[in-house]
Amino acid sequence: MNLMVKLAWRLCTEPDQLWFRILQPKYAAYCDFLHLQEDNTNSSWIWKGIEQGLKIVQQHYRCTIKCGTKALVWYDRWVNGLTEPPTPKHNFADPARIVYVSDLMLNNPTRWNVPLTTELFDSQIVQLILNMYIPQHGEDALIW
């Protein structure tokens, strides 16, 4: 099982590899491997093992935020101190317009959009987000 988890992790973190480009159209044509939800019934035994590894990766990964352009607000674990992705306030009318964490940021210099985060999340989540440091350079990354 450790090998399957390692292969699943590599699928999520190394999209420039040839084997990733081969598997992507067949098993995850419409999303990335990290957010894959359905079990493919018409698949090889090795893919079924990788799917089990993906389930473990999905339970334990986190995103480190730098630019915010890779982490999905509603699907990824990116807020330090939360074990699940954040949820919007019940009265927030349009969470679909916020997709990536970068949608919650202002530029020059990069910083959190305090009015938007306050409108979007409960005060406890807002505090956790505002306490997160945003580097001025770099890309988001997955960590275990």
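Coordinates for the structure precede this section.
Residues numbered from 1 in each chain as written. Predicted model: local features only at pLDDT ≥ 70, side-chain atom pairs only at ≥ 80, totals over all residues. Heavy atoms only, no water.

Visitor: Tell me about the layout of surface pockets, and please be specific about residues and values.
Guide: Put simply, the largest pocket is a space of about 470 Å³. Around the largest pocket, the lining comprises 19 residues; the ones closest to its centre are Cys12, Pro15, Asp32, Lys70 and Leu142. Listing elements by their share of the lining of the largest pocket, those giving two or more residues are helix H1 (2-13) and strand E4 (141-143). When its residues are assigned to classes, the lining of the largest pocket shows 12 nonpolar, 3 polar and 4 charged. Here the second largest pocket defines a volume of roughly 180 Å³. Around the second largest pocket sit Leu34, His35, Gln37, Gln58, Tyr61, Tyr75, Arg77, Glu84 and Pro85, which together line it. Among the residues making up the lining of the second largest pocket, the classes are represented as 4 nonpolar, 3 polar and 2 charged. (1 Å grid on protein atoms, 1.4 Å probe; cavity = no way out; pocket = protein on both sides within 12 Å on 5 of 7 lines; lining within 4 Å. Points joined across faces, edges and corners; volume = space filled by probe spheres on them. Helix = DSSP H or I, 4+ residues; strand = E, 2+ residues; numbered from the N terminus. Nonpolar A, V, L, I, M, F, W, Y, C, P; charged D, E, K, R; others polar.)

Visitor: Give a description of the nonpolar core that names residues and reports values.
Guide: Membership of the largest hydrophobic core comes to 42 residues, with the highest contact counts inside it found for Phe33, Trp47, Ile65, Trp78, Leu104, Trp112 and Phe121. Among the secondary structure elements, those contributing two or more residues to this core are H1, helix H2 (18-27), helix H3 (45-60), helix H4 (114-120) and helix H5 (123-130). Considering each element in turn, this core owes the most residues, 7 residues, to H1. For tryptophan 78, the contacting residues outside a window of four places in its chain are Arg62, Cys63, Ile65, Leu72, Val73, Pro86, Val101, Leu104, Trp112, Ile129 and Met132. (Core = buried A, V, L, I, M, F, W, Y, C linked by side-chain atoms within 4.5 Å. Buried < 20%, exposed > 50% of the residue type's maximum accessible area, 1.4 Å probe, protein only. Contact = heavy atoms within 4.5 Å.)

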